[in-house]
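Examination of the molecular architecture
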Number of protein chains: 4
Amino acid sequence: MKQTKLAIIGAGGLTGKELTGLLAHHPNFQLVHITSNQVDGKHIREVFPDLSHLPDLVFQKHDAAVPTDAHIVLATPNEVSLEKAPEFLGQNRKVIDLSGTFRLHDKAKFEVAYKFKHTKFEWMDKVVFGLPELFREKLKHANFVSNPGCFATSAILPIAILGNLRNQIVGPIIVDAKSGVSGAGGRTEEIQFAYTHVYENFRAYKVLSHQHEPEMEEYAFVGSEPKEIHFTPHLLPVYRGILTAIYIPFAKPVDSSEIQEKLQSVAEREPFLRLYKTPEELELKKVQNTNFLDIGFKVKGNTLAIISALDNLQKGAAGQALQNLNLMFGYPETEGLV
Amino acid sequence: MKQTKLAIIGAGGLTGKELTGLLAHHPNFQLVHITSNQVDGKHIREVFPDLSHLPDLVFQKHDAAVPTDAHIVLATPNEVSLEKAPEFLGQNRKVIDLSGTFRLHDKAKFEVAYKFKHTKFEWMDKVVFGLPELFREKLKHANFVSNPGCFATSAILPIAILGNLRNQIVGPIIVDAKSGVSGAGGRTEEIQFAYTHVYENFRAYKVLSHQHEPEMEEYAFVGSEPKEIHFTPHLLPVYRGILTAIYIPFAKPVDSSEIQEKLQSVAEREPFLRLYKTPEELELKKVQNTNFLDIGFKVKGNTLAIISALDNLQKGAAGQALQNLNLMFGYPETEGLV
Amino acid sequence: MKQTKLAIIGAGGLTGKELTGLLAHHPNFQLVHITSNQVDGKHIREVFPDLSHLPDLVFQKHDAAVPTDAHIVLATPNEVSLEKAPEFLGQNRKVIDLSGTFRLHDKAKFEVAYKFKHTKFEWMDKVVFGLPELFREKLKHANFVSNPGCFATSAILPIAILGNLRNQIVGPIIVDAKSGVSGAGGRTEEIQFAYTHVYENFRAYKVLSHQHEPEMEEYAFVGSEPKEIHFTPHLLPVYRGILTAIYIPFAKPVDSSEIQEKLQSVAEREPFLRLYKTPEELELKKVQNTNFLDIGFKVKGNTLAIISALDNLQKGAAGQALQNLNLMFGYPETEGLV
Amino acid sequence: MKQTKLAIIGAGGLTGKELTGLLAHHPNFQLVHITSNQVDGKHIREVFPDLSHLPDLVFQKHDAAVPTDAHIVLATPNEVSLEKAPEFLGQNRKVIDLSGTFRLHDKAKFEVAYKFKHTKFEWMDKVVFGLPELFREKLKHANFVSNPGCFATSAILPIAILGNLRNQIVGPIIVDAKSGVSGAGGRTEEIQFAYTHVYENFRAYKVLSHQHEPEMEEYAFVGSEPKEIHFTPHLLPVYRGILTAIYIPFAKPVDSSEIQEKLQSVAEREPFLRLYKTPEELELKKVQNTNFLDIGFKVKGNTLAIISALDNLQKGAAGQALQNLNLMFGYPETEGLV
């Protein structure tokens, strides 16, 4: 039995499965409890026939009793996390929530983006946003972490690590993201995700109206003047991965070497950031099944274009969750990931 | 034998094949001569086993004599078109060129974009840019037409039809396009187009450095003040289709109904433009194998986002070529296309 | 208005759409009535935004009155065809049915294969099986035609054209077919057809238990001794096309030149059969969007392996239906198809 | 440093990469030397940016000196393995070869299948065929192992585990396999593997003439009367996985429960065989990235159809190689794999 016990509530979905697979290879986390209201009663090996090193567990219903010494990963829908996070925190468990419920500090923006009333907003004072590259120290002492959205991570980090250069940005930043099916949300038996609707096809959705937009706006500018972000996601006919183009308008022609220096200094010290010489080198294949966020950039006139790539199930969700869990429990940050 | 005879030089490639298929269903154009330096000597049915209504032709070499009464479609590489266009024009044939060689009126920009010296620049005075929605009258009297680039069409038209509203644009326009493999150029046996490099993958290429960028800048602003366009294409793991996001910065909040009115008035009178109520309705499947350019838009603050979709082999190449040929030879503009 | 009027009952599905597209290019058939219980009330252009040359029609409900001079194409579920075929035949209309309801002459086998009771079995005396290569003369005089199943065509024809060589077959014939999603049936919003279930995946279904098996057994041996056929279909992650491997056991080593001579003599006189020198040359791309059935073979010891390829929506359904309609109404058999 | 050192000759290819990834997670094998004539000089992280836990190694040329205490994995072309296997064995290293060079004991059949002269045939007396489920005891004492072909494993095991029931087989067994691109061999920049040739396409290759056929014939009948196997592979538009249909003709109607009992008794004691209730449950997704061989069967008349599924890069190559290495070096057979 490994040192720290974890329960995943909502383990039957894609993110729950991804985290289960990662934990199986982690020397210090032991998965002891998994729940799913769709596959409760089934053995983990039956639901995930293509994972290995799995613990001997059976899916329980969401409201089954959780072993007392287990800490919590919530991979549940937003409205479920709303209730369960405070419930488990009240039992002195550490909680990391993968939903969007505890990410935004502006209640009005939350309600517009997520379309329901937030009845536990007092918890926003206690939660730490789970982006290690920005909030590493806070995460080391956090009992309650909100894991960022996949698109949000892909845009926030590249902008945030520009540091003080962000003060030269003059207008809304355009973020144009392209994601595989596993990141586009929705239950896969919906008609929009039928094979005939995705294969040999491509489309934009929630144009300038995705719920990750306020998240990007809140966190990309910590330590600098806030700017608007205008974000549009698209659905790619692939399984996993997000490539994001971030177009940043500056007041005057951008100095390429300044950007290079700033990005390089951060990437060199960050275990999960990789900076490429040219943005054309980025591709989903280089990040799939890894926790890396790859970055490349190009400058033209007053525009800085940064391309980023990550695996929406890894650095966009489960991988980042494990990175956060490592910090929360004092394990090496890259353990089980690199 | 149908009324007007055509020869396609370079008919063995994807665009040549697409046009061959279209001409087979056109009541007034008769394909009488096809060339290809790769499949010369082969019968058209052997090279295109999946097309129907084909004429009984054998591929010739590029320099084979062309029947005297045939007009010319050049589906050749840029450097080949450079020589052949003037050659055929000198024989009193009408010529439509699908290459990029005769699109730009700025010689310096041409040489930067296409990386070779233009030795026939005097012909730029005689050529008409093949965008019917903008240059219909000129095309009716043209002997020499340059067919636009696929990405170029996908961006120029949506911007150009904004008409006088373009004068309110305040900065560089961001164009972010996503294209299927048949539009991304290159010979398909290059390693970058190997199945394992495209499947379950996605990437940007020629970031802010694609040769269609000066073409967009030259034609999107005819009749208004020129602006910079910053263009990045991406390679989709699909066969055909381009979805393009165009982000236009205005001086002040954009009036959605103004945009609606302007776009709708143009779309209503244009046979190949379709305006959708929302941009989320656009998808490659609705335009594949058609000559339509679909458009939808969304406004946020000072940003107008227009999404466009077309089939790169149709409205992006062969379909548009046929639309131009109809005008050049006095046939109904939509003949063989709608 | 073209010469012969047709109505498609159930025109909203994939086969109905395919036939609609074909009829648009046929000089003598005029589509005058289309029905669908899912999209009734919608204009044909709205439902098929990617087809051209469409007539100006609105989808009606299945039970709407059909113009008196229209003949009928039934693209309806089996149980609906059961009722509607006799109904329309009783109105002196010619009927071609694309369902499986009127293909089998053995009532017991029908009920096992299709799992419902056949209450109109007397019509089996009047129907002609729609395989032109086998029943051309009967089809010329038929008022009622049952269009074959897609898999069935892919196996019946290659076996049947062996002619008297079939008498040397000694055991069950193994038929192993691989079909794109559009041929695998089922409503596309079923979970088994969700993108995540089809993409980067492959599986067999209805192993040795598909309803086309008795159809293959009934028609592949007309004029020879019947043999068992053991058939297994598989689901390919592509949109259209079926490649079928047919393994035929002979009593003694198979004479390759005998097979070549037999197949070649038939292919030479049949407009829609193409015989290749080697079976490795067959591929879906050569038949997609055509009405061809491609064939190639290889011999090893006592085994004759024939590979066939067709487009399940064309020669496997709508294309073959049009080929049959041409015969039924006295038009050139290849009209609108080649 | 882990206990047993390994070198992979030819580590830059797909199989080499797969094994590298597996070894990274194995507690007892340490990868100390990797070679590739294409990427020599490059760091392992640069060539495999999407693998984790990698050792700090640089690719060497094939003929670079190998650390003296390292044992050898040959992931080289057939002709290279021919020379290198004896060379390394002569240095007292254990060798496992993934090529086809040392699998067949019939020299004439080898030369027909692989099309070159075997100049080291004396080594066939020393090599052990790397199928643990059949040769476990021999493998525990083997110094020289030949890893089976991917298709071969997918067919040999299901037939072999029928045990004495194989004596009732009356004729050639038909094996019809469908493989993802990573298993179909060939250098991926060949035109046949260009995206446009594989996507939305499917075809058979080496019909009844693949080099794995004699391998299947040699090993599927160990302990029973030999029969002919007639084998045809096909190329699927997916990345990894092989689904194989095996049609076995018996003298009389097959007893389903007899088959069930035989297969189940073997599957229950074998860690990498999974038997499903029905063959329709098998799919590539359940075996991808695992070392499992899944099996299901259906009986009809005198035909037994067995469907098998495996990941060609795992149980079809690298996974099986690791399973063999575990036996060769005395580690638990499932270590690093389950």
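Along each chain, residues carry numbers from 1 onward, in the same order as the chain's sequence is written. To read the labels, note that chains go from A and ligands from 1, taken in the order they are written. Given that the model is predicted, a residue must reach a pLDDT of at least 70 before its local features are reported, and side-chain atom pairs must reach 80 or more before they are shown or counted; all residues, however, enter totals for whole chains, interfaces and linings. Where side-chain values are given, they derive from all heavy atoms of the structure, hydrogens and water being excluded.

Going by an unreviewed UniProt entry, chain A carries the name N-acetyl-gamma-glutamyl-phosphate reductase and comes from Leptospira jelokensis. UniProt's Pathway (unreviewed entry) comment on chain A is quoted here verbatim: "Amino-acid biosynthesis; L-arginine biosynthesis; N(2)-acetyl-L-ornithine from L-glutamate: step 3/4." Note on chain A: under the UniProt heading Function (unreviewed entry), the record states "Catalyzes the NADPH-dependent reduction of N-acetyl-5-glutamyl phosphate to yield N-acetyl-L-glutamate 5-semialdehyde." UniProt positions are given in the numbering used here, feature names are shortened, and annotations may be inferred rather than shown by experiment.

We now examine the relation of the copies chain C and chain D. For the pair chain C and chain D, the relating rotation is 180°, the translation along its axis is 0.0 Å, and the fit reaches an RMSD of 0.0 Å. Expressed as a symmetry operation, the mapping of one chain copy onto the other fits a two-fold axis. In this assembly, 100% of the residues forming the interface of chain C have copies in chain D that are likewise at the interface, indicating an isologous arrangement. When the copies are superposed, the least-squares fit draws on C-alpha atoms of residues that have pLDDT of at least 70 in both. Here a residue-residue contact requires only that any non-hydrogen atoms of the pair lie within 4.5 Å.

Turning to the nonpolar core, a few remarks are in order. For this analysis, a nonpolar core means a set of buried residues of the types Ala, Val, Leu, Ile, Met, Phe, Trp, Tyr and Cys, connected via side-chain atoms within 4.5 Å. Only protein chains enter the accessibility calculation, which uses a 1.4 Å probe; a residue whose area is less than 20% of its type maximum is buried, one above 50% is exposed, and one in between is partly exposed. By size, the foremost hydrophobic cluster in this structure holds 402 residues, and its most contacted members are I248 of chain A, I248 of chain B, I248 of chain C together with I248 of chain D. For I248 of chain B, the contacting residues outside a window of four places in its chain are I159, L162, I169, I173, N302, T303, L304 and I306 of chain B.

Here we take up the relation of the copies chain A and chain D. Here the two chain copies are tied together by a rotation about an axis and a shift along that axis. In screw terms, the move from chain A to chain D is a rotation of 180° and a rise of 0.0 Å along the axis, fitting with an RMSD of 0.0 Å. Taken as a fraction of all interface residues of chain A, those also at the interface in chain D reach 100%, which identifies the copy contact as same-surface.

In this section: the interface of chain C and chain D. Each partner contributes to the interface: chain C provides 42 residues, whereas chain D provides 42 residues. In total, chain C and chain D occlude about 3,500 Å² of area from one another, counting both sides; carbon and sulfur atoms represent 59% of this. Here a salt bridge means any side-chain nitrogen of Lys or Arg lying within 4 Å of a carboxyl oxygen belonging to Asp or Glu. Across the chain C-chain D interface, the total number found is four salt bridges. Measuring nitrogen to oxygen at the nearest pair gives 3.0 Å for the salt bridge that ties D176 of chain C to K178 of chain D. Throughout this description, a polar contact denotes any pair of N or O atoms lying within 3.5 Å of each other; where both atoms belong to protein, one of them has to be capable of donating a hydrogen while the other can accept it, and for residues adjacent in sequence the pair is counted only when both atoms sit in side chains. The interface formed by chain C and chain D includes 32 residue pairs in polar contact (both at pLDDT 80 or more). The numbering of helices and of strands both runs from the N terminus, where a helix is a DSSP run of H or I of at least 4 residues and a strand a run of E of at least 2. Of all the elements in the fold, those that place two or more residues in the side of chain C that touches chain D are strand 7 (173-179), helix 7 (195-198), strand 8 (203-204), strand 9 (229-235), strand 10 (242-249), helix 10 (284-287), strand 12 (293-300) and strand 13 (303-310) of chain C. Throughout this entry, Asp, Glu, Lys and Arg are counted as charged residues, while Ala, Val, Leu, Ile, Met, Phe, Trp, Tyr, Cys and Pro are counted as nonpolar. The remaining residues, Gly among them, count as polar. Broken down by class, the residue content of the side of chain C that touches chain D amounts to 21 nonpolar, nine polar and twelve charged. Buried area adds together the accessible area that both of two parts lose upon being put together, with accessible area traced by a 1.4 Å probe.

A separate point is the sheet that holds strand 7 of chain C. Residues and elements named next belong to chain C. DSSP calls a pair of strands paired once it identifies at least 2 bridges connecting them. In spatial order, the strands read 8-9-7-10-13-12-11; together these seven strands make up an open sheet with mixed pairing. Looking at strand neighbours, the two that pair on one side only are strand 8 and strand 11 (273-275), the edges of this open sheet. Pairing between strand 10 and strand 13: eight bridges, direction antiparallel. When the bridges of strand 13 are listed, T244 appears paired with S308. Across the sheet, helix 6 (residues 150-160) lies against strand 7, strand 9, strand 10, strand 11, strand 12 and strand 13, angled at about 40° from strand 10, the strand it touches most. Interaxial angle, 0 to 180 degrees, is taken between N-to-C directions of lines fitted to C-alpha atoms, where a helix line uses only the stretch in contact. Along the sheet, helix 8 (residues 212-219) makes contact with strand 7 and strand 9, crossing strand 9 at roughly 135°.

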